[in-house]
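# Geometric and topological summary
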Amino acid sequence: MRLSSERLMLREFRAADARDVHAYASDPEVVRYTDWGPSNLAQTQERVVAKAARGVEGDDAYSWAVTIRGEDRVIGSAEVRIASRDHRRAEFGYVFAREVWGRGLATETALLLRDTAFGSFGVHRLYATCHPDNAASVRVLEKAGLQLEGRLRDHLWVRDAWRDSLLFAAVSSGPSGIRAFDVSAGQ
Ligand SMILES: CC(C)(COP(=O)(O)OP(=O)(O)OC[C@H]1O[C@@H](n2cnc3c(N)ncnc32)[C@H](O)[C@@H]1OP(=O)(O)O)[C@@H](O)C(=O)NCCC(=O)NCCS
């Protein structure tokens, strides 16, 4: 299941993407606020090969390689994870190579994921968490229409310390409860 927007194409990962992914997964600036990394090449390769074997969809999660339309190079990754089918609740996340920051591409991706979750997937509540100091990500989530709901204390154990997270969410304005929740729609 590929997704496209004005400037972006979100596609399945391929094993050959490991080099592109490693460029950002190994960058300390990129992983400063993530709960993983920096990754070494072997770790990146293992993860990319596993994602390539799995395809976009698997185990209630959708994982995409983000590319600029017309170029094949991977500039980031994006994910939607179905947290509860019964309650039509999903979480999303994204990470981008430093060289493409500040061009609105994360915002474009977040909007695309939001529209896909609410539209094709029938999600009702979409949420994301981010590090309290991650001002750029806070801004992206706000621009994608999510609202701050609160601070999750000691939410993550990262690099030998507890870490708070901010919780952002948006609720579908669609006809809740009427449409069957079908995450395989739109494939
Ligand atoms: C967070 C991240 C995805 C943002 O990507 P991006 O492509 O630069 O985002 P956009 O260009 O769409 O928007 C960034 C917004 O943040 C703002 N911003 C950037 N740095 C900022 C800072 N230090 N303080 C305040 N605002 C900041 C930009 O001005 C822009 O807002 P604007 O359009 O109102 O001017 C990117 O920095 C990244 O991949 N970081 C590492 C991984 C990560 O933190 N992922 C998110 C985990 S929750």
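A brief structural summary. From a predicted model like this one, the values you see are computed outputs, not experimental measurements.

Counting buried residues in strand 6 (residues 89-96) gives six out of eight residues, a clear majority hidden from the surface. Crossover connection from strand 6 via helix 3 (residues 105-118) to parallel strand 7 (residues 125-130): handedness right-handed.

Cis peptide bonds are those with omega within 30 degrees of zero, and the linkage from Gly37 to Pro38 qualifies with 0°. Along the polypeptide, Pro38 turns up in the loop between helix 1 (18-25) and helix 2 (41-54). In this model, Asp59 sits at a positive phi of 50°, which is unusual for a non-glycine residue. Residue placement: Asp59 occurs in the loop between strand 3 (57-58) and strand 4 (61-68). Residue class for Asp59 comes out exposed when judged on its relative accessible area of 78%. Even without being glycine, Asp154 reaches a positive phi, approximately 45°. For Asp154, the location among the structural elements is in strand 8 (residues 147-158).

It is worth spelling out the layout of surface pockets at this point. Approximately 1,300 Å³ is the volume found for the largest pocket. As for the largest pocket, its lining consists of 48 residues, and the residues nearest its centre are Thr34, Trp36, Gly93, Tyr94 and Val95. Looking at side-chain class alone, the lining of the largest pocket contains 23 nonpolar, 13 polar and twelve charged residues.

Bringing helix 1 into the picture now. Of all eight residues that make up helix 1, six are buried, and the element is covered over most of its length. If you check which residues of helix 1 are buried, you get Ala18, Asp20, Val21, His22, Tyr24 and Ala25. Its buried side turned inward, helix 1 meets helix 2, strand 5 (74-84) and strand 6.

Taken together, 20 residues form the shell around the ligand, and within it Gly102, Thr107, Asn134, Arg139 and Lys143 come nearest. One nitrogen or oxygen atom from the main chain of Ala106 is found 3.4 Å from an oxygen atom belonging to the ligand. One nitrogen or oxygen atom from the side chain of Arg139 is found 2.8 Å from an oxygen atom belonging to the ligand. Considered on its own, the ligand offers 960 Å² of accessible surface; in the complex 69% of this is hidden by protein. Taken atom by atom, the bulk of the ligand overlaps the largest pocket. If one sorts the elements of the shell around the ligand by residue count, helix 4 (residues 135-143) sits on top with six residues. Counted by class, the shell around the ligand contains eleven nonpolar, six polar and three charged residues.

Moving on to the packing of aromatic side chains. Using the criterion set out here, one finds four aromatic pairs in the structure. With centroids separated by 6.0 Å and ring planes inclined at 45°, the aromatic side chains of Phe92 and Tyr94 adopt a geometry described as tilted. Each member of the pair, Phe92 together with Tyr94, is buried. Here the aromatic residues Tyr62, Trp64 and Phe121 are joined through ring pairs into a cluster of three or more. The positively charged end of Arg47 is found above the aromatic ring belonging to Trp36, 5.2 Å away from the centroid.

Calculation criteria
Residues numbered from 1 in each chain as written. Predicted model: local features only at pLDDT ≥ 70, side-chain atom pairs only at ≥ 80, totals over all residues. Heavy atoms only, no water. Buried < 20%, exposed > 50% of the residue type's maximum accessible area, 1.4 Å probe, protein only. Helix = DSSP H or I, 4+ residues; strand = E, 2+ residues; numbered from the N terminus. Right-handed = clockwise from strand over helix to strand, strands pointing away. 1 Å grid on protein atoms, 1.4 Å probe; cavity = no way out; pocket = protein on both sides within 12 Å on 5 of 7 lines; lining within 4 Å. Points joined across faces, edges and corners; volume = space filled by probe spheres on them. Nonpolar A, V, L, I, M, F, W, Y, C, P; charged D, E, K, R; others polar. Contact = heavy atoms within 4.5 Å. Near = heavy atom within 4 Å. Polar contact = N/O pair within 3.5 Å; in protein donor to acceptor, adjacent residues only side chain to side chain. Areas by Shrake-Rupley, 256 points an atom, 1.4 Å probe, with all protein chains shown as cover. Sits in = over half its atoms within 2 Å of the grid points. Phe/Tyr/Trp six-rings, centres within 6.5 Å; stacked < 30°, edge-to-face > 60°. Lys NZ or Arg CZ within 6 Å of the ring centre and 35° of its normal.

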